[in-house]
2 protein chains.
Amino acid sequence: MNKKITIFDSTLRDGVQGQGISFSVEDKLKIVKCLDKLGVEYIEAGNPGSNPKDIEFFKRIKELTLKKSKIVAFGSTRRVGVETKDDNNVKNLLAVETDAICIFGKSWDFHATEILKTTLDENLQMIKDTVSYLKGKNKQVFFDAEHFFDGYKNNSEYAMKTVEAAKEAGADAVVLCDTNGGTLPQEIYEITKAVQDAFKDISIGVHAHNDMGMAVANSIMAVEGGANHIQGTFIGFGERCGNANLSTIIPILQLKMGFNIVDSEKLSELTSSARFISEVSNITLNDDAPFVGNGAFAHKGGMHIDAVCKDPVSYEHIEPTLVGNKRRFLISEVSGKSTVYSQIQKISPELPKDCEETKIITERLKELEFQGYQFEGAEGTVELIMRKILGKYKPFFELIDFKVIGEQPSLDSNFKSTAMMHIVVDGKKEMTAAEGEGPINALDKALRKALEVFYPELQSVRLVDYKVRVLDTGCATKAKVRVLIESTDGEEKWSTVGVSTDIIEASWVALVDSIEYKLIKNIEKKLKAYF
Amino acid sequence: MNKKITIFDSTLRDGVQGQGISFSVEDKLKIVKCLDKLGVEYIEAGNPGSNPKDIEFFKRIKELTLKKSKIVAFGSTRRVGVETKDDNNVKNLLAVETDAICIFGKSWDFHATEILKTTLDENLQMIKDTVSYLKGKNKQVFFDAEHFFDGYKNNSEYAMKTVEAAKEAGADAVVLCDTNGGTLPQEIYEITKAVQDAFKDISIGVHAHNDMGMAVANSIMAVEGGANHIQGTFIGFGERCGNANLSTIIPILQLKMGFNIVDSEKLSELTSSARFISEVSNITLNDDAPFVGNGAFAHKGGMHIDAVCKDPVSYEHIEPTLVGNKRRFLISEVSGKSTVYSQIQKISPELPKDCEETKIITERLKELEFQGYQFEGAEGTVELIMRKILGKYKPFFELIDFKVIGEQPSLDSNFKSTAMMHIVVDGKKEMTAAEGEGPINALDKALRKALEVFYPELQSVRLVDYKVRVLDTGCATKAKVRVLIESTDGEEKWSTVGVSTDIIEASWVALVDSIEYKLIKNIEKKLKAYF
């Protein structure tokens, strides 16, 4: 397609309106680098008028040399009854010295009169004045027409006047916002088209919210209606139900609609970018996130798995590697023996499909699932269970006993945790003890202290995530808990799981699996290096 | 609108294909009752041919008297080269004696020839035979045309023939499936319309998947194109990226498009139904879930909160109570003093807006947020912090010291946890000790043992959820953790939070807050009863 579509990321600005989202200056710089590497054209990075942290950010960002992205500062039109040059918000916008600025103004008559408490004419004048003032300062100016669709439905004539005001004043694009997220896809299409028909030579953007779960589709329908600029946040978080999710929109535009949004080799960094941004944002990326989720190409039903083995196109709408994701076959009670067998083959390729081990392992996994284990996110533990049954496992150490003490000796003193244990490695008994920040850390430290002597490669291993899930919520603090530990050695990541009514025991089980898994992988690597 | 739309829920069948989803027979019965109460017309409840648990379920479901819902059994067309009456899957479908049956068959030529390994003609015959056989048994029959949209794009003539085969055989509806979830909304609209135009008198359904984050919009676009039957799962889970989310689609159809889907007083049970089904499914309902999420009507930005206080329509597309949800103002670093003040008013209504306390509390909350606290989901803790500063708090007990021991005395013995503590209530010193299933449970038990003597109302309190979040994932097991505890007394739910590098200490802080919050609420209730 000849039409060019511009991506405008607002993770660092509108994304921060999302529940639980808060960025340090360092976080923001990390995300800018990631988006620039991917090739996102505009990054709306903050509101210099609202937040001292954002001013610090705009200072620091100048030290970075970006390859592709332009940084955008966000603010509003001048206030009612103030000259633009005297408006503090506008001054702050100019002070941060970005090449591009995005300002929002009101397109819904109700907002002008009832929220801003001004006249419809003054509101138009505020848009004109601010856009033309910023254009006079040689800025690229985007005008976010807030509540455009609601405004259009309420008073289309006035809504169109706000677009005209921005256009006449020289705005580089007029962005139609579905601020409350309540507009239907067919309405978005028709209204965008009406704007395009009325202002032929205008660049139209869309800014959709997800209050009806349709922000992605609404952005796509706006493109159908004439929009060529899409605003969203990278993994979709934002106020209320979030913003249009760019990690979904980018591959749709590129793979399904033929637009050239990012270089195709960059598209394969989509998944890792989304995961990195989730990590920095300290949120869990949903497994079912389109394109980039851990489960986006995960197959569970036996029949589907069989078909995908014949030809992946049978149950996959794209090849997962195009977006840097991968196919997974989930181990579960509805997955058949063929899934288990495909995993067995990685460990014992010599075994035939109808071997007894497939049956035994399938039964064992079901039994553990019944006890509360869940293997879909814990490949490390699954491999260890299989190895134990397949006879491809030898313990790396033996535990004799352990004890953990957590205490607050008096009200003024600090809480402290201590662990002690006896283990045996290669016939040598070792007693170790360690203090830690919390019982699991104390245990972890005591265990490593003993093991690192024998296995120095464990020094690179660290825990990346530690999740606790209460299983039978009716049983209060004595409920069974499932602990999921995600570990990394800086290159690979793996997950292990433990279940117990005792959080320390469940953590211990997952911790031991994590360490053993790493040691097995290292042996495998060494073997590969030999042959 | 005159057109009637039928809702067909497949939470219990297609939903089970989702990662981490598994139902017991009891779970299924609970969900059926919930959907029936809400007024969902069809509940596809399982595949009697694939799973012994499903056969047990279909036996049990006959004991229930449902008001609105019809139970549907799911299966496939007869196998290649088998007579329908001899097909085991078809026999199983009939054996469970439901009034309605849904069968799927292939509409994509590629699937018929490459996956089923049969001829295109035999595939059509399989559809005809199975539908007409089941119609001959007086069943209501839905035909799921698997991969219809992909099939249509590949070979529209053949795809149309499969629809014709089902129609001629008497299918009550032909459901167009976007099985791989890769079809664009405008394609869904056009193809559905083409089917409607070709077969005027047919009832068309849609079954959308969320691989491009557009399953809801695709279902809506199918309705625009002529569909009058929508299949989905109640909170959207399903294979890969999930199915069309009915808890989103129902309010869109009813509130935005004017269809009468459920009784309007039932619509206000939408949120509680979605939360109940999440609970039974043991998944966390996303805060940003449209309509029903905890954050769907949560406002964080100070300017937005001010506008919503003036008129909620400014930043809300519907009135939250219509779907049984509620408006929330989030306490956070970007929320201004007005949010804090609106909370203060609930405790100390006599204080003016510019009081010193607002400033002190705002500062204190920011400081704690900096330490890793997050208050957006922890109203209980926020209220206690405010009360302490406002002087509306008196401790219910005083802790002197505590100690927790977790130990595995030998490899064969069971892990055990013990807690002991000294506390003072009303000047009386008490020492208690308890064994528990895990350290937190032991602590909880020891604390209650002492407190229930003085506050018997604590007996009704139990923990509903216990979440642990590792804050600085770079620091492994010694990272700071945030513990979020959700408690209930059977009527109300409240959440409290604790942060520490030690999971036991963080849990302790949240546990104590939870108990104190409950005791305060009880005093408030008693006061209200007096005045």
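- Per an unreviewed UniProt entry, the recorded name for chain A is Citramalate synthase, and the organism is Clostridium cellulovorans.
- Turning to chain A, the UniProt annotation filed under Pathway (unreviewed entry) states: "Amino-acid biosynthesis; L-isoleucine biosynthesis; 2-oxobutanoate from pyruvate: step 1/3."
- The heading Catalytic activity (unreviewed entry) in the UniProt record of chain A holds the text "pyruvate + acetyl-CoA + H2O = (3R)-citramalate + CoA + H(+)".

Side note on the environment of A:Glu457
All names here are of chain A.
Then comes step 1: Mapped onto the fold, Glu-457 is located in the loop between α17 (439–454) and β14 (462–470).
Then comes step 2: We classify Glu-457 as partly exposed; its relative accessible area is 23%.
Then comes step 3: Every residue in contact with Glu-457, bar those within four places of it in the chain, is listed here: Lys-518, Leu-519, Asn-522 and Lys-526.
Then comes step 4: Looking at Glu-457, its side chain comes within polar contact range of the side chain of Asn-522, at 3.5 Å.

Quick notes on the domain arrangement of chain A
Then comes step 1: Taken domain by domain, chain A comprises domain 1 (6–262), domain 2 (298–390) and domain 3 (397–454).
Then comes step 2: Domain 1 of chain A and domain 2 of chain A are separated by 45 Å when their C-alpha centres are compared.

What about the packing of helix α15 (residues 356–371) of chain A against helix α16 (residues 379–390) of chain A?
All names here are of chain A.
Then comes step 1: Remark: α15 packs on α16, axes separated minimally by 10 Å, with the N-to-C direction vectors making an angle of 135°. Relative to α16, the element α15 is oriented oblique. Once α15 is placed against α16, the crossing between them reads as right-handed. Of the residues in α16, those touching α15 at Glu-357, Ile-360, Ile-361, Arg-364, Leu-365 and Leu-368 are Ile-385, Met-386, Ile-389 and Leu-390.
Then comes step 2: When the residues that make up the contact of α15 with α16 are grouped by side-chain class, the tally is eight nonpolar, no polar and two charged.

Quick notes on unusual backbone geometry
Note: most residues except glycine have negative phi, and most peptide bonds are trans.
Residue and element names in this part refer to chain A.
Then comes step 1: In this structure, Glu-97 takes a positive phi of about 55° despite not being glycine.
Then comes step 2: With respect to the element layout, Glu-97 can be found in the loop between α3 (88–95) and β4 (100–106).
Then comes step 3: A positive phi angle, close to 55°, is found at Arg-240, a residue other than glycine.
Then comes step 4: Of note, Arg-240 is situated in the loop between β8 (229–232) and α10 (246–256).

Brief notes about the relation of the copies chain A and chain B
Then comes step 1: Take chain A, turn it by 180°, move it 0.0 Å along the axis, and it overlays chain B with an RMSD of 0.1 Å. Taken together, the turn and the small shift mark the pair as related by a two-fold rotation axis. Of the C-alpha atoms belonging to chain A, the one lying closest to the rotation axis is found on A:Ile405, 2.3 Å away.

Things to note about the packing of aromatic side chains
Then comes step 1: Applying the stated criterion across every chain, the model contains 28 aromatic pairs over all chains.
Then comes step 2: Aromatic side chains A:Phe402 and A:Trp508 sit 4.7 Å apart centroid to centroid with 35° between the ring planes, which places their arrangement in the tilted category. Of the two residues, A:Phe402 sits in strand β11 (residues 398–408) while A:Trp508 sits in helix α18 (residues 503–530), which places them 106 residues apart along the sequence.
Then comes step 3: On the accessibility criterion, A:Trp508 (7% relative accessible area) is buried.
Then comes step 4: Taken together through their ring pairs, the aromatic side chains of A:Phe8, A:Tyr42 and A:Phe142 make up a single cluster.
Then comes step 5: Cation over ring: A:Lys28 sits above A:Phe57, and NZ or CZ is 5.2 Å from the ring centre.
Then comes step 6: One residue, B:Arg13, lies across the ring of B:Phe74, its end atom 3.4 Å from the ring centre.

Structural notes on α17(A)
Think of an α-helix as turning once every 3.6 residues; residues three or four places apart then point the same way.
All names here are of chain A.
Then comes step 1: The terminal C-alpha atoms of α17 lie 24 Å apart, and with 16 residues this matches the ideal 22 Å at 1.5 Å per residue to within 8%.
Then comes step 2: The largest bend in α17 comes to about 30°, at Arg-448.
Then comes step 3: Taken together, the buried positions of α17 are Pro-439, Ile-440, Asn-441, Ala-442, Leu-443, Asp-444, Ala-446, Leu-447, Arg-448, Ala-450 and Leu-451.

Points about the pairing of strand β5 (residues 140–146) of chain A
Residue and element names in this part refer to chain A.
Then comes step 1: With respect to burial, β5 is a largely interior element, six of its seven residues being buried.
Then comes step 2: Looking at chain direction, β4 and β5 are connected through seven bridges and run parallel. From the neighbouring strand, Gly-105 faces β5, where its bridge partner is Ala-145.
Then comes step 3: When β5 meets strand β6 (residues 173–178), the two strands line up parallel, connected through four bridges. By the bridge assignment, Asp-144 is partnered in β6 with Val-175.

Rules used in this analysis
- Residues numbered from 1 in each chain as written.
- Chains lettered and ligands numbered in written order.
- Predicted model: local features only at pLDDT ≥ 70, side-chain atom pairs only at ≥ 80, totals over all residues.
- Heavy atoms only, no water.
- UniProt positions renumbered as here; feature names shortened; annotations may be inferred.
- Helix = DSSP H or I, 4+ residues; strand = E, 2+ residues; numbered from the N terminus.
- Buried < 20%, exposed > 50% of the residue type's maximum accessible area, 1.4 Å probe, protein only.
- Contact = heavy atoms within 4.5 Å.
- Polar contact = N/O pair within 3.5 Å; in protein donor to acceptor, adjacent residues only side chain to side chain.
- Domains from an automatic or database assignment.
- Axes fitted to C-alpha atoms, helices over the stretch in contact; angles between N-to-C directions.
- Parallel < 35°, antiparallel > 145°, perpendicular 65-115°, else oblique.
- Left-handed = near helix turned anticlockwise from the far one by under 90°.
- Nonpolar A, V, L, I, M, F, W, Y, C, P; charged D, E, K, R; others polar.
- Least-squares fit on C-alpha atoms with pLDDT ≥ 70 in both.
- Phe/Tyr/Trp six-rings, centres within 6.5 Å; stacked < 30°, edge-to-face > 60°.
- Lys NZ or Arg CZ within 6 Å of the ring centre and 35° of its normal.
- Expected span 1.5 Å × (residues − 1).
- Bend = angle between axes of the 7 residues up to and from the residue.
- Pairing = 2+ DSSP bridges.

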